[in-house]
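So the chains spell out like this:
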Amino acid sequence: MSNDFAYDKVRYPAQVYPKLHPARLGAIARLHGVPVASPRSCRLLEVGCGDGLGLITLAMAYPQSSFIGVDLSNAAIERGNAQRDALGLDNLTLLAADLLEWDPGDRPYDYVIAHGFYSWVPQVVRERLLALCNQAMAPGGIACISYNALPGCHMRRMLWEMLKFHTGGIHEPAARIAAAQEFLQLLKSGLPEGSLYATTMTGEIDELSGRLDPNVLFHDDLAEINDPFTLDQFLKHAHAHDLGFVAEANYHEMSTRTAHERVRPLLDDIASDDLATKEQYLDFFTGRRFRQTILCRKSAMPSATQQASAIASLQLASALQPDEGGADEAGRVRFSLPTAGGVVTDNPVVQAMLRDCVQAYPSPQPVRELFDLASGQQDSVNDDALERACQFIGRAFAVGIVELHCDGPAFANEAGALPLASPLARLQAARGENRVTSLRPSTVDMEDPATRALLLALDGTRDRQAIVAFVTDALAQERTVDAEDRDLPGADELERHLEYNLLKMAKLGLLVDRPG
């Protein structure tokens, strides 16, 4: 392994990607007829895992499963193994290895994930990745591979080529990043006003300039290899390895509602026979630039359309709140998201299911249990009531209003007498990191000293009084060390808002149930 490997020289920021969680991928696979294993009892491989942060969250959530990560960066794997050892995760293996030489072993994998990998490696490595999926995947297994997509990336590729030209003679990473950032602003200032070219490039420059971490710019946009593909090109490559198209991990982007209403009937008609062709035309209409494509073995014969019957065995997570005013004269109730979007239903069973589900959000709830509870509250329920409820959920899922999970990760919905926060989040906070990782998974900002101190206090041994004392002492030390005159809360204020803040921790997926 070369000491000049870019990811050893410049650290790629550790991130988690909720859409790539096996509970979400598994739900989509089962929705399309692929009988993938539950995350609770599976083997999962991540290729290009970096420091394995995502795998660490999985290993904590599913102790009966096995997780393997492979990456070419020695430095990233060393960081990941240090965290793995600190958390005592025996079901996680992180290896520094070249994919072209690594032996995946004889035991099959239920999930293979390669995010931020396919577009940034040579063709021979892409071939090896898909061959490995064919070789090592279980009969009902799935792979999720992300890549830059065309036609959307044609515009961005113009900017990549300009940046590479401008920084071509600069090899030191920090200087290369600085030169790229300076050139973006120079280019923007020099574009001819009023031209179509200026309008197009200004949007691209603004989006690229808005990236929070310059190291992402270095690896994603200044990379020597960065090849986008049409979906058709990618699937031809996958088909050559006997792999078939299931769906996209970002499932709602498959909805024809993202296209103009004039072409929706055409796209819907194509989708009924050939989902992949419909997706390719949808890309043409929407200019999609990134894909997270789920593949399976061709022999698994995935369905091009949703199988609503599968939803009864899945879990539902929904933040939809009933609008004020209740039902109208026809018995219809509108449920809306806090941000935007909503649904209307006159089905009393579905209405009850959504009300019950939002109380537990963000914890996913079994659809069948929600239905049984809701239908038990009604005077009469037809035999096809479950099917109608599942069809409604399937439509809502297709447009991104609700979530579906296959045995999603468990976390505490309430604090309990001796609150216990995720060991990973506490480890990150103890290291002074301003962003911690929840069990959902998600990234949670912890820049506020009081919030960070509260998280550290939740080690499962402290009651409310001891928690307030711990946080008060931590903030007193903060005042001593920090030269800035910040208005940090006192003991009375901490105690007054403690229950609210504990509930917030639970809703963020930062609390776990106590063992036993």
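Remember, it's a predicted structure, so these values are computed and weren't measured experimentally.

Draft legend 1. Quick peek at the overall build of the protein. If you tally the helices and strands in the protein, you get 20 helices and 15 strands. Since a compact globule built from 516 residues should have a radius of gyration of about 24 Å, the 25 Å found for the protein is in line with a globular shape. Expressed as a percentage of its 516 residues, the buried residues of the protein come to 50%. Distance between charge centres in the protein, computed from 47 positive and 69 negative side chains, equals 2 Å.

Draft legend 2. Structural detail: helix 13 (residues 348-360). The terminal C-alpha atoms of helix 13 lie 19 Å apart, and with 13 residues this matches the ideal 18 Å at 1.5 Å per residue to within 8%. Of all the residues in helix 13, the buried ones are Val349, Val350, Gln351, Ala352, Met353, Leu354, Cys357, Val358 and Ala360. Capping the start of helix 13, asparagine 347 holds a side-chain oxygen 2.9 Å from the backbone nitrogen of valine 349, two or three residues further along.

Draft legend 3. Seen up close, unusual backbone geometry. That bond from tyrosine 361 to proline 362 is cis: its omega, 15°, falls within 30 degrees of zero. Along the chain, proline 362 turns up in the loop between helix 13 and strand 12 (365-366). The amide bond that connects arginine 440 to the next residue, proline 441, takes the cis arrangement and shows omega of 0°. Position of proline 441 relative to the elements: it lies in the loop between strand 14 (435-437) and strand 15 (443-445).

Draft legend 4. Here's a closer look at the pattern of salt bridges. If you walk through the whole model with that rule in mind, you get 24 salt bridges. Residue arginine 24 is joined to glutamate 403 by a salt bridge in which the shortest nitrogen-to-oxygen separation is 3.4 Å. Of the two residues, arginine 24 sits in helix 2 (residues 22-31) while glutamate 403 sits in strand 13 (residues 403-405), which places them 379 residues apart along the sequence. One exposure class covers both arginine 24 and glutamate 403, and it is buried. For the salt bridge of arginine 291 with aspartate 283, the shortest nitrogen-to-oxygen distance reads 2.9 Å. Here the two residues arginine 291 and aspartate 283 agree in accessibility, since each one is buried. Via salt bridges that share partners, Glu248, Glu253, Lys278, Glu279, Asp283, Arg288 and Arg291 belong to a single interconnected network.

Draft legend 5. Looking closely at empty space enclosed by the protein. Tallying each qualifying case throughout the model produces 1 cavity of 30 Å³ or more. Considering only enclosed or pocket space, the largest cavity measures out at about 60 Å³ in volume. Among the residues forming the lining of the largest cavity, the class breakdown is 4 nonpolar, 1 polar and 3 charged.

Draft legend 6. Highlighting the side chain of serine 422. By the secondary structure assignment, serine 422 is in the loop between strand 13 and helix 16 (423-430). Owing to a relative accessible area of 0%, serine 422 belongs among the buried residues under this scheme. Setting aside residues up to four positions removed in sequence, serine 422 forms contacts with Met60, Leu439, Leu510 and Val512.

Draft legend 7. Focus on the side chain of glutamate 403. Note on glutamate 403: relative accessible area 16%, which makes it buried. Among the polar contacts listed, one links the side chain of glutamate 403 to the side chain of arginine 24, at a separation of 3.4 Å. At 3.5 Å, the side chain of glutamate 403 and the side chain of tyrosine 361 are in polar contact. If we skip the residues at most four places from it in the chain, glutamate 403 touches Arg24, Gln315, Leu316, Ala317, Tyr361, Phe397 and Arg440.

Draft legend 8. Up close: the layout of surface pockets. Here the second largest pocket defines a volume of roughly 700 Å³. Surrounding the second largest pocket, 26 residues form its lining, Ser255, Gln306, Gly394, Arg395 and Ala398 being those nearest its centre. Mapped by element, the contributors of at least two residues to the lining of the second largest pocket are helix 11 (264-271), helix 12 (275-286), strand 11 (342-345) and helix 15 (385-398). With 6 residues, the top contributor of residues to the lining of the second largest pocket is helix 15.

Draft legend 9. Region of interest: the pairing of strand 1 (residues 43-47). Within strand 1, 5 of the 5 residues are buried, leaving the element largely enclosed by the surrounding structure. Residues Arg43, Leu45 and Val47 of strand 1 are buried on one face, and the alternating residues Leu44 and Glu46, pointing to the opposite face, are buried as well. Running through helix 3 (residues 53-61), the crossover from strand 1 to the neighbouring parallel element strand 2 (residues 66-71) is right-handed. By the bridge criterion, 3 bridges tie strand 1 to strand 4 (residues 109-114) in an arrangement that is parallel. Pairing of leucine 45 across the sheet is with valine 112, part of strand 4.

Draft legend 10. Spotlight on the nonpolar core. Formed by 105 residues in total, the largest nonpolar core has its most connected members in Leu45, Trp102, Ile142, Ile145, Met353 and Leu404. Counting residues per element, this core draws most heavily on helix 15, at 8 residues. The contact partners of isoleucine 142, leaving out residues within four places of it in the chain, are Leu25, Gly26, Ala29, Val34, Val36, Asp110, Tyr111, Val112, Met137, Ile294, Leu295 and Cys296. Listed in part, the 26 residues of the second largest apolar core include Met446, Ala453, Leu455 and Leu475.

Draft legend 11. A nonpolar patch on the surface, seen in detail. On the surface, Met155, Met158 and Tyr197 cluster together to form a nonpolar patch covering roughly 240 Å² of accessible area. Tracing the backbone through its elements, the reader meets tyrosine 197 in helix 8 (residues 196-209).

Draft legend 12. Broad picture of a negative patch on the surface. On the surface, Asp268, Asp269, Asp273 and Asp274 cluster together to form a negatively charged patch. Here aspartate 274 lies in the loop between helix 11 and helix 12.

Draft legend 13. Structural context of the packing of helix 13 against helix 15. Put simply, helix 13 and helix 15 touch, their axes get as near as 9 Å, and they point 55° apart. Relative to helix 15, the element helix 13 lies oblique. The element helix 13 and its partner helix 15 pack so that their crossing is right-handed. Of helix 15, the residues touching helix 13 (which contributes Val350, Met353 and Leu354) are Ala389, Phe392 and Ile393. Residues of the contact of helix 13 with helix 15, tallied by class, amount to 6 nonpolar, no polar and no charged.

Rules behind the numbers
- Residues numbered from 1 in each chain as written.
- Predicted model: local features only at pLDDT ≥ 70, side-chain atom pairs only at ≥ 80, totals over all residues.
- Heavy atoms only, no water.
- Helix = DSSP H or I, 4+ residues; strand = E, 2+ residues; numbered from the N terminus.
- Rg over C-alpha atoms; globule rule 2.2 N^0.38 Å.
- Buried < 20%, exposed > 50% of the residue type's maximum accessible area, 1.4 Å probe, protein only.
- Lys, Arg positive; Asp, Glu negative; His and termini not counted.
- Charge placed at Lys NZ, Arg CZ, Asp CG, Glu CD.
- Expected span 1.5 Å × (residues − 1).
- Polar contact = N/O pair within 3.5 Å; in protein donor to acceptor, adjacent residues only side chain to side chain.
- Salt bridge = Lys/Arg side-chain N within 4 Å of Asp/Glu carboxyl O.
- 1 Å grid on protein atoms, 1.4 Å probe; cavity = no way out; pocket = protein on both sides within 12 Å on 5 of 7 lines; lining within 4 Å.
- Points joined across faces, edges and corners; volume = space filled by probe spheres on them.
- Nonpolar A, V, L, I, M, F, W, Y, C, P; charged D, E, K, R; others polar.
- Contact = heavy atoms within 4.5 Å.
- Right-handed = clockwise from strand over helix to strand, strands pointing away.
- Pairing = 2+ DSSP bridges.
- Core = buried A, V, L, I, M, F, W, Y, C linked by side-chain atoms within 4.5 Å.
- Patch = residues over 30% accessible without salt bridge, like charges linked within 9 Å, V, L, I, M, F, W, Y side chains within 5 Å.
- Areas by Shrake-Rupley, 256 points an atom, 1.4 Å probe, with all protein chains shown as cover.
- Axes fitted to C-alpha atoms, helices over the stretch in contact; angles between N-to-C directions.
- Parallel < 35°, antiparallel > 145°, perpendicular 65-115°, else oblique.
- Left-handed = near helix turned anticlockwise from the far one by under 90°.

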